[in-house]
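# Structural overview
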Amino acid sequence: MPHLKKSDTVCRVTYRPEQRFCSLCQSLLKRDHILWRKYMLFSTGAQVVTSWAYRCPRADCPGATSVYRSAIADKLHLRQRRFSRELVVRVGYRRFWQHHTLDELHAWLTQDLQLVICRRAVANLLLDFLALLCAAQPARIRDQLGRLPGLLIAIDGMQPEKGNDCLYIVRELQCRVTLLAVNLVESSQEALCEQLFAPLQVLTQERRLPWQGVVSDAQETIRLAVAQSLPGVPHQACQAHCLRDAGQLTFEADRAMKKQLKASFRQALPRLRQRIQALPTADPFRPVLLDYTAALRSVLPEGGVAPFELGGIRVFDALTDLEASVLRCQKKGSTSCCAVCWR
Ligand SMILES: [Zn+2]
């Protein structure tokens, strides 16, 4: 942690309260003492920031003991931190919105902004950013929910592995705000009612928001929990989940076809490659044919996403294109050796 530097190169900034007059007697406020002075790092460089406390000068005023401070100065920093709030937000934005790595952030801070900071301190900045984000969330939710006619929520549970905790996310669908994220050990009807719907009901009662509806997958316990906690509220099955379930057979058939295609090529490909590599290096077709085998190899790992992106069909189409390309080469007449190899 750098000490307060006396050098003239560090910019010194002083703040006084935005309010100029006493709230009670309207006298002009007088400078009293320094509230805090801090060496802080901004994206534009280092600054020594001083925040002054002001008081009413009249001893007989009932507000004489009140201390007036600058709200702008208080917003600049985080307690016990030398990095300004502005810099913390910039770092967080680059990490979570622009997906910069820790090393990229470190390089940006040290090379572009010329700040002295170690890699570990960058990780601490990210933790500060997440704490800020978490603190701002209730205000954001309050603000967004205040404009809604009613609550329309989507519930989804994610379980990375069977037997693990399940993470339930509740989002408001009209303003796209995440209202709740809860890790549940068990996904029983009672647990869902208690830990998901009870806090949501408190929220709607506080805001006096009517329920408009619930969207979720067809999980039986969610269905029962909605019926128990929110009787009469419309509950619709999520269309994306339904389509995925409906397309399950097609997706499975596609996956089986892809597996078969891959298996037949995986056995033949190494042999084909060996034969092409055995051709004389002066052969003009050798690099072309090697390119074809590389293309074949890159096509085979194509994956799919249910319900509409079918990996097997994609592999089949790519193979058909490759075949057509090879056939065109053969038709030109000068690719007899290609033909021998490809067969
Ligand atoms: Zn006063």
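Residues numbered from 1 in each chain as written. Predicted model: local features only at pLDDT ≥ 70, side-chain atom pairs only at ≥ 80, totals over all residues. Heavy atoms only, no water.

### Let's talk about the coordination of the zinc ion
- All of the protein donors around the zinc ion are Cys22 (SG), Cys25 (SG), Cys56 (SG) and Cys61 (SG); their distances to the metal are 2.3 to 2.4 Å.
- Viewed at the metal, the four donor atoms of the zinc ion are separated by angles of 100 to 113°, and the geometry they form is tetrahedral.
- Coordination of the zinc ion draws on donor residues from a single chain, spaced C-x2-C-x30-C-x4-C in sequence. As far as the burial class goes, Cys56 and Cys61 line up, both buried. (Donors = N, O, S within 2.8 Å, 3.2 Å for Na, K, Ca; no water. Tetrahedral: all angles 85-135°; square planar, octahedral: opposite > 155°, others 65-115°. Buried < 20%, exposed > 50% of the residue type's maximum accessible area, 1.4 Å probe, protein only.)

### Details of the packing of helix α9 (residues 285-299) against helix α10 (residues 311-331)
- Between α9 and α10, the least distance of the axes is 10 Å, while the angle of their chain directions is 170°. By the criterion of interaxial angle, the relationship of α9 to α10 is roughly antiparallel. Here Tyr292, Ala295, Leu296 and Val299 of α9 come into contact with α10, specifically with Val315, Ala318, Leu319, Leu322, Ser325, Val326 and Cys329.
- Here the residues of the contact of α9 with α10 are counted per class, giving 10 nonpolar, one polar and no charged. (Axes fitted to C-alpha atoms, helices over the stretch in contact; angles between N-to-C directions. Helix = DSSP H or I, 4+ residues; strand = E, 2+ residues; numbered from the N terminus. Parallel < 35°, antiparallel > 145°, perpendicular 65-115°, else oblique. Contact = heavy atoms within 4.5 Å. Nonpolar A, V, L, I, M, F, W, Y, C, P; charged D, E, K, R; others polar.)

### Some remarks on the sheet that holds strand β4 (residues 151-158)
- Overall, mixed pairing links the five strands, which are arranged β6-β5-β4-β7-β8 in an open sheet. For this open sheet the edge positions go to β6 (177-184) and β8 (235-237), each flanked by a neighbour on one side alone. This sheet shows a mean twist of 20° between the axes of neighbouring strands, independent of strand direction.
- Here strand β7 (residues 211-216) pairs with β8 via three bridges, running parallel. Note that in β8 the partner of Ser216 across the bridge is Ala237.
- In the packing of helix α6 (residues 220-229) onto the sheet, contacts are made with β4, β5 (166-172), β7 and β8, and the angle to β8 comes to roughly 165°. (Pairing = 2+ DSSP bridges.)

### A short note on helix α8 (residues 248-277)
- Across its 30 residues, α8 extends 42 Å between first and last C-alpha, which sits within 8% of the 44 Å expected from 1.5 Å per residue.
- Where α8 bends most, the angle comes to about 30°, and this point is Leu269, followed within four residues by the proline Pro270.
- For α8, every residue scored as buried is listed here: Phe251, Asp254, Lys258, Leu261, Lys262, Leu269, Leu272 and Ile276. (Expected span 1.5 Å × (residues − 1). Bend = angle between axes of the 7 residues up to and from the residue.)

### Topic: the nonpolar core
- In this structure, Leu145, Ile153, Ile155, Leu179, Leu196 and Phe197 are the most contacted members of the largest nonpolar core, which totals 29 residues.
- Going through the elements one at a time, α4 (119-145), β4, β5, β6, α5 (189-207), β7 and α6 are the ones with two or more residues in this core.
- When residues of this core are assigned to their parent elements, the largest contribution, six residues, is made by α5.
- In this structure, Val10, Phe83, Trp108 and Ile117 belong to the second largest nonpolar core, which totals 20 residues. (Core = buried A, V, L, I, M, F, W, Y, C linked by side-chain atoms within 4.5 Å.)

### Some points on the packing of α8 against α10
- It is the contact of α8 with α10, at a shortest axis distance of 7 Å, that shows an interaxial angle of 40°. Comparing their axes, α10 and α8 come out oblique. Note on element contacts: α10 touches α8 through Gly311, Gly312, Ile313, Val315, Phe316 and Leu319, opposite Asp254, Met257, Lys258, Leu261 and Phe265.
- Residues of the contact of α8 with α10, tallied by class, amount to seven nonpolar, two polar and two charged.

### What to know about the sheet that holds strand β3 (residues 45-55)
- Taken in spatial order, the three strands of this open sheet run β1-β3-β2, and their pairing is mixed. The open sheet has two free edges, formed respectively by β1 (11-15) and β2 (30-42), since each of these has just one partner strand. Between one strand axis and the next, the sheet turns through 20° on average, direction left out of account.
- With five bridges connecting them, β1 and β3 associate as parallel partners. In the strand pairing of β3, Arg12 is matched with Val48.

### Some thoughts on the pairing of β7
- Taken across its six residues, β7 has five buried, putting it largely inside the fold.
- Sheet analysis places β4 next to β7, joined by five bridges and oriented parallel. Paired with Ala154 across the strands is Val215, a residue of β7.
- Crossover connection from β7 via α6 to parallel β8: handedness right-handed. (Right-handed = clockwise from strand over helix to strand, strands pointing away.)

### Things to note about a nonpolar patch on the surface
- Where nonpolar side chains cluster on the molecular surface, the patch consists of Tyr93, Phe96, Trp97, Leu127, Leu130 and Leu133 and spans about 590 Å² of accessible area.
- Elements supplying a minimum of two residues to the nonpolar patch: α2 (85-96) and α4.
- With three residues, the top contributor of residues to the nonpolar patch is α4.
- Looking at the secondary structure, you find Trp97 in the loop between α2 and α3 (102-112).
- Judged by relative accessible area, Trp97 falls into the partly exposed class, the value being 48%. (Patch = residues over 30% accessible without salt bridge, like charges linked within 9 Å, V, L, I, M, F, W, Y side chains within 5 Å. Areas by Shrake-Rupley, 256 points an atom, 1.4 Å probe, with all protein chains shown as cover. Salt bridge = Lys/Arg side-chain N within 4 Å of Asp/Glu carboxyl O.)

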